[in-house]
Amino acid sequence: MATAERVQASSRRGLDLAEAARRLTEHGPNLLPGSTPRRLGAIVLGVLAEPMFLMLLGAGGLYLALGDRAEAAFLLSFVCVVIGITLAQERKTQRALESLRELSAPRALVIRGGEETRVAGAEVVPGDLLVLREGDRIAADATLLEGRLEVDESLLTGESVPVARLPTSEATLHASTVVTRGVGIAQVHATGAATAVGRIGKALASTQQPPSGLQLASRRLIRNLTIGGLVLAAAYALLGWLWDGRGALESLLGGIALAMAILPEEIPVILTVFLALGAWRIARRKVLTRRVPAVEALGAVSVLAVDKTGTLTQNRMQVAELAVDGGHFADADADELPEVFHALVEFAMLATPSDPFDPMEKAIQRFGLRWLVHTEHVHADWSAETEYPLSPQILAMTRVFPCDACRHHLLATKGAPEAVIDLCHLPPERAAAILGEVEAMAARGLRVLGVARGHWTGEAWPANQHDFDFEFLGLVGFADPPRPEVPAAIAECRAAGVRILMMTGDHPATARAIARQVGFGEHADVLTGADMAALDDDALRARLRRVDLCARLKPDQKLRLVQLLREDGQVVAMTGDGVNDAPALKAADVGIAMGERGTDVAREAAALVLLDDSFASIVAAIAQGRRIYDNIAKATGFVFAVHMPIIALALVPALLHWPVLLMPVHIVLLELLIDPACSIVFEAEPAAADVMARPPRAAGESPFATRRLGRAVVQGLGVAAMLLLGFGLLLGHGTEPAQARGAVFAALLGGLFLLILANRHPTRAVLARPARRNPWTGRMGGALILALAAAFGLPFLRRVMDIALPGPAAAAAMLAMLGGILVWLELLRRMPASPTLHSPASPR
């Protein structure tokens, strides 16, 4: 008895806030070993290991060996600047990812100061009272004090069968295991490294993000270009030494300059920054990214399979209508509940837990307490002796209560109307009449449950509910209005070529009614769970190509649905909220868990978490995914285009026995401008006007495809030709090499800005004013002007870069080169191109 009193007292109060804070300081955060962030030293070593930085350091060392201390100091100072920028960028990206990881970590519902409050799992302390429900991942080792649970401990034991836990001294619940059934209160006795999972070791610490398809493709491209660039640079250095008569160190510097020009080291920056900042931008739309590669997949989604309840609808379930023997009660304008409906509501309440988690069960309790309070039909003090849960075989549940006054057990059942009708063994005529009533209610958009009562006088409990005798009492209709923003979002998806597949456990007529309200049309094709079970994979795959609605769907059928859609070449995004949805969420290309009503298991299995459970947020995330992919493609094209003139200006003069045009110091300055252009200007580029008015891109499409990059290479070669032509003409007219070099360098910087404009909007005139302004474009232009002013205005920089202020002829040549570049880019824009080269997306 003392134990019961202690449990009751603790369940009311729990720890107070001050004591919880003291214990958090004493015991530390509830984190597993090994979940520490990456150290600054490791980031520095990773940066220094990049080939570009090694070559910069090597070039600086060679300048020192040549006795050119000014050039060496300038180059090595820029090395430090580049390393500093990269470190800041890496750190910012890492902090963004860590913030997302913290937001997506499991949270715990605890009782503190007598009130239920949800806290981060890391803030749970010994002595906390955890409130546990179906689907929760247990935050710490705890002892069950109240309730009855079934717990999946497969993470620890490997045994897939859930284990029953009752309030005993041995009822230990382990951290990281999952509640599969029941409700309970448990008291924490160990956190962090002191838990059973913590003692196992670091195997369960936070996992590394797997590389995305784009990242793998970029690594292959960079590896191949690095190998090719180093071979070409070595050959160039040997050629300059043996054929051109230059010294060994000078030839080696030229080789390093060429290698630096060839290496597209901006590609990893683009992918890292774009995907991380893309996840941050999507989070602002109430969609949390748990796995960054999902950002890349969003833009290719072709089928969006969504739960009806809470995603297309408001998940504000309420009892709207009752039906008993042909009579109806509508809750809208009623003043009292007629006596004939009392038994129906009474047994619907008895068939429902007193503290339910399910929205429909909450609606039943609210409705019953509203209309039956202060009557003999409310049994708040009754406790079920046993239960028969909902199962795939019988879509109904029964709760059994002892009845001392009547010397037998009372049965309360609710479930799918057809299942309850079957349990009541009704004659065909009455069953048909009830099902007709169900159809009529469902056609009005109501979700319908049947309710029955029964008696049991036997000794041993039957094996299943079919062994009881039931009396059918009536139907309960629930309304869940659609979200007002859904029709417009569905229309947007259809314009974008994304097919919506609505999934629900409701009656087909209910599904059709909601589908009409949200814009699916009057004649949407419906596939039921029973239909799925009767079809083989080939037949079901063919049927899914024309289906809009899946009704009476069981959670385990979602996995098969996702697998068949993917086998049919679709890129599938799927929403889910329950424990049983986790396999399908993992199987989908983009699994999306519900943040408000979803379980921890579903959230951990998913790549994205929908914080507001709104369908419109999913559509906004798809639009963001397309914008991110488009901008990656634009930035990649710019990188390859801008590297062409740099390579040509480093290579061709030596082959033609001209003075050196680009040296490592020039390339370093260019890289300081190219990197921000990629990681800031293109990342901030607004979505194209047609981003949701074109079909999704093909799943295998890549911004690194040869055909896509071909146009960028041609762009850059044209720019290189203009600059080399100008340099050759200037030298031919007797212009000093320093002046000619200065004019070409200035024209190169101007051409860099024109390439930014050309790749921002490949189908618009280069100098056309865009419909959607990017503030970073103007800032980039200002940075280029400042760089030119510094290069030509500071004597030290002019000497280091070996350039001179252009005279009238050189200035005219510079303007002519810029004009030629502009004409070339405009001509190239007007030339016919395949959709793959010209547009960020290509039709399926």
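Everything numeric here is computed off the predicted structure, so don't read it as measured data.

Asker: Would you take a moment to explain the overall build of the chain for this structure?
Answerer: Across its full length, the chain carries 31 helices and 22 strands. A buried classification covers 53% of the 844 residues belonging to the chain. Counting only contacts in the chain whose residues sit at least 6 apart along the sequence, the fraction spanning at least 24 positions is 72%. When the accessible surface of the chain is summed, it comes to about 36,300 Å², and 58% of that surface belongs to carbon and sulfur atoms.

Asker: Is there a simple way to explain the nonpolar core in this structure?
Answerer: Side chains of a nonpolar character, in soluble globular proteins, are inclined to be buried together. Residues L304, F520, F615, F638, L670, L723 and L752 are the most contacted members of the largest nonpolar core, which totals 120 residues. Top contributing element to this core by residue count: helix α24 (residues 615-655), with 18 residues. Not counting residues up to four positions away in its chain, the partners in contact with F615 are L304, V306, T311, L312, R483, V486, A489, I490, C493 and I500. Of all hydrophobic cores here, the second largest spans 28 residues; its members include M317, M349, I364 and L449.

Asker: Teacher, can you tell me more about helix α20 (residues 537-544) here?
Answerer: Spacing of three or four residues puts side chains on the same side of an α-helix, whose turn is 3.6 residues. Of the residues making up α20, those classed as buried are L540, R541, R543 and L544. For α20, the buried positions fall inside an angular range of 165° around the axis, keeping them on one side. Next to the buried residues of α20 lie β17 (499-503), β18 (526-528), α19 (529-534) and α21 (555-567).

Asker: Mind showing me how you'd approach the environment of T735 here?
Answerer: Secondary-structure assignment places T735 in the loop between α26 (706-732) and α27 (737-760). On the basis of relative accessible area, T735 is assigned to the buried category, the value being 15%. Once you skip the residues sitting within four places of it in the chain, T735 turns out to touch L730 and A740.

Asker: Explain unusual backbone geometry to me, please; I cannot follow it from the model alone.
Answerer: Excluding glycine, most residues fall at negative phi; most peptide bonds, likewise, are trans. A positive phi angle, near 50°, is found at D325, a position not held by glycine. With respect to the helices and strands, D325 occurs in the loop between β10 (318-324) and β11 (327-330). Although it is not a glycine, R552 adopts a positive phi angle of roughly 50°. Considering the arrangement of structural elements, one finds R552 in the loop between β19 (549-551) and α21.

Asker: Would you mind going over the pairing of strand β13 (residues 396-403) with me for this structure?
Answerer: Moving residue by residue along a regular strand, the side chains alternate between the two faces of the sheet. Of all eight residues that make up β13, seven are buried, and the element is covered over most of its length. Inspection of the sheet shows strand β12 (residues 386-388) paired to β13 by three bridges, in the antiparallel sense. Its bridge partner being in β13, Y388 is matched across the sheet by T398. In this sheet, strand β14 (residues 408-415) lies alongside β13 in antiparallel orientation, the contact comprising eight bridges. Within β14, the position partnered with C403 by the bridge is H408.

Asker: Sorry if this is basic, but what is going on with the sheet that holds β18 here?
Answerer: Strands belonging to one sheet form pairs held by backbone hydrogen bonds; the direction of such a pair is parallel or antiparallel. The eight strands lie next to each other as β8-β22-β21-β20-β9-β17-β19-β18, forming an open sheet whose pairing is mixed. The open sheet terminates on both sides in strands that have one partner only, identified here as β8 (287-289) and β18. Going from strand to strand, the sheet's axes swing by 20° on average, the running direction of each strand aside. Inspection of the sheet shows strand β20 (residues 572-576) paired to strand β21 (residues 590-594) by four bridges, in the parallel sense. Bridge assignment links A573 to a residue of β21, and that residue is V590.

Asker: Mind showing me how you'd approach the pattern of salt bridges here?
Answerer: Any two side chains of opposite charge can pair, given that their charged atoms come close. By the definition in use, this model includes 28 salt bridges. One salt bridge connects R399 with E387, and the closest N-O pair in it is separated by 3.3 Å. Of this pair, R399 sits in strand β13 while E387 sits in strand β12, and the two are 12 residues apart along the sequence. For the salt bridge of E418 with R552, the shortest nitrogen-to-oxygen distance reads 2.8 Å.

Asker: I keep staring at the packing of aromatic side chains and nothing clicks. Help me out?
Answerer: Within a pair of aromatic rings, the relevant descriptors are the distance that separates the centres and the angle that separates the planes. Tallying each qualifying case throughout the model produces 10 aromatic pairs. Ring geometry for F638 and F682: centres 5.4 Å apart, planes at 40°, overall tilted. Here F638 is found in helix α24, whereas its partner F682 is found in the loop between α25 (664-681) and α26, with 44 residues between them in sequence. F638 gets classed as buried once you look at its relative accessible area, which sits at 0%. The exposure class assigned to F682 is buried, which follows from its relative accessible area of 0%. A network of ring pairs unites the aromatic residues F329, F341, F367 and W371 as a single cluster. Between the NZ or CZ atom of R697 and the centre of the ring of Y629, over which it lies, the distance is 3.8 Å.

Asker: When you look at the packing of helix α10 (residues 266-283) against α25 in this model, what are you seeing that I'm missing?
Answerer: A packed helix pair is summarised by two numbers, namely the angle formed by the two axes and the spacing between the axes. Two elements in contact, α10 and α25, have axes whose closest approach is 9 Å; the angle formed by their N-to-C orientations is 30°. Our classification of the angle between α10 and α25 gives roughly parallel. Once α10 is placed against α25, the crossing between them reads as right-handed. Each of E266, V269, I270, V273 and F274 in α10 lies in contact with α25, whose residues at this interface are E671, I674, D675, C678 and S679. Of the residues belonging to the contact of α10 with α25, the class tally is six nonpolar, one polar and three charged.

Asker: How should I be thinking about helix α28 (residues 775-793) in this particular structure?
Answerer: Taking 1.5 Å of rise per residue, 19 residues should cover 27 Å, and α28 covers 27 Å from first to last C-alpha, within 8% of that figure. Buried residues of α28: T777, M780, G781, L784, A787, A791 and F792, and no others. Buried residues of α28, viewed axially, fall in a sector of 120°; they line one side. Those residues of α28 that are exposed and aimed more than 90 degrees away from the buried face are G778, I785 and L786. N-cap assignment for α28: the residue whose side-chain oxygen lies 3.0 Å from the backbone N of W776 is N774.

Asker: Any chance you could explain the side chain of E361 here in plain terms?
Answerer: When you line up the elements, E361 lands in helix α14 (residues 359-372). For E361, the side chain forms a polar contact with the side chain of K414, separated by 2.9 Å. Sequence-distant contacts of E361, defined by excluding residues within four places in its chain, comprise T352, P353, P356, M397 and K414.

Asker: It is not clear to me how the pairing of β21 should be interpreted in this structure. Could you clarify?
Answerer: When you tally the buried positions in β21, you get five out of five residues, the bulk of the element. Of the pairings in the sheet, the one linking β21 to strand β22 (residues 608-610) comprises three bridges and is parallel in character. The partner of A593 across the bridge, within β22, is V609.

Asker: Quick question: what am I supposed to make of the sheet that holds β11 here?
Answerer: With antiparallel pairing, seven strands are arranged side by side in an open sheet as β11-β10-β16-β15-β14-β13-β12. Since the sheet does not close on itself, it has two edges, and those belong to β11 and β12, each with one partner. On average, each strand axis in the sheet is tilted by 25° relative to the strand beside it, whichever way the strands run. Helix α16 (residues 428-443) contacts β10, β11, β15 (447-456) and β16 (469-479) of the sheet and is inclined by roughly 15° relative to β16.

Reading the values: the criteria
- Going along each chain's sequence as written, the residues are numbered from 1 onward.
- The predicted nature of this model means local features are confined to residues of pLDDT at least 70 and side-chain atom pairs, given and counted, to a pLDDT of 80 or more, with totals for whole chains, interfaces and linings taken over all residues.
- Calculated side-chain values reflect all of the structure's heavy atoms, with hydrogen atoms and water omitted.
- Numbering of helices and strands starts at the N terminus; helices are DSSP runs of H or I of at least 4 residues and strands are runs of E of at least 2.
- Each residue's exposure class comes from its accessible area (1.4 Å probe, protein chains only) as a fraction of the maximum for that residue type: buried when under 20%, exposed when over 50%, partly exposed otherwise.
- In this description, contact between two residues means that some pair of their heavy atoms is separated by no more than 4.5 Å.
- Per-residue and other accessible areas follow the Shrake-Rupley method at a 1.4 Å probe size, with only the shown protein chains counted as cover for residues.
- Buried Ala, Val, Leu, Ile, Met, Phe, Trp, Tyr and Cys residues that are joined via side-chain atoms within 4.5 Å together make up what is termed a nonpolar core.
- Each C-beta atom gives one direction from the helix axis, and the arc is the one those directions make.
- Here the rule is simple: two strands pair whenever DSSP picks up at least two bridges between them.
- To obtain each axis, a line is fitted to C-alpha atoms, and for helices this fit is confined to the stretch in contact; angles are then taken between N-to-C directions over 0 to 180 degrees.
- Here a salt bridge means any side-chain nitrogen of Lys or Arg lying within 4 Å of a carboxyl oxygen belonging to Asp or Glu.
- Stacked, tilted and edge-to-face are the three classes applied to pairs of Phe, Tyr and Trp rings, where Trp contributes its six-membered ring and a pair requires centres within 6.5 Å; stacked means planes under 30 degrees apart, edge-to-face means over 60, and tilted covers the rest.
- In this scheme, the term charge over a ring applies when either NZ of a lysine or CZ of an arginine sits within 6 Å of the ring centre and within 35 degrees of the ring normal.
- By definition in this entry, angles of less than 35 degrees are roughly parallel, angles greater than 145 are roughly antiparallel, angles of 65 to 115 are roughly perpendicular, and the rest are oblique.
- Two helices that cross are described as forming a left-handed crossing if the nearer one is turned anticlockwise from the farther one by less than a right angle, and a right-handed crossing if clockwise.
- Just so you know the grouping, Ala, Val, Leu, Ile, Met, Phe, Trp, Tyr, Cys and Pro go in nonpolar, Asp, Glu, Lys and Arg go in charged, and all remaining residues, Gly too, go in polar.
- Here the expected span of a helix is defined as 1.5 Å times the quantity of residues minus one.
- In protein, a polar contact requires one atom able to donate a hydrogen and another able to accept it; more generally it is a pair of N or O atoms within 3.5 Å, and residues adjacent in sequence count only if both atoms are side-chain atoms.

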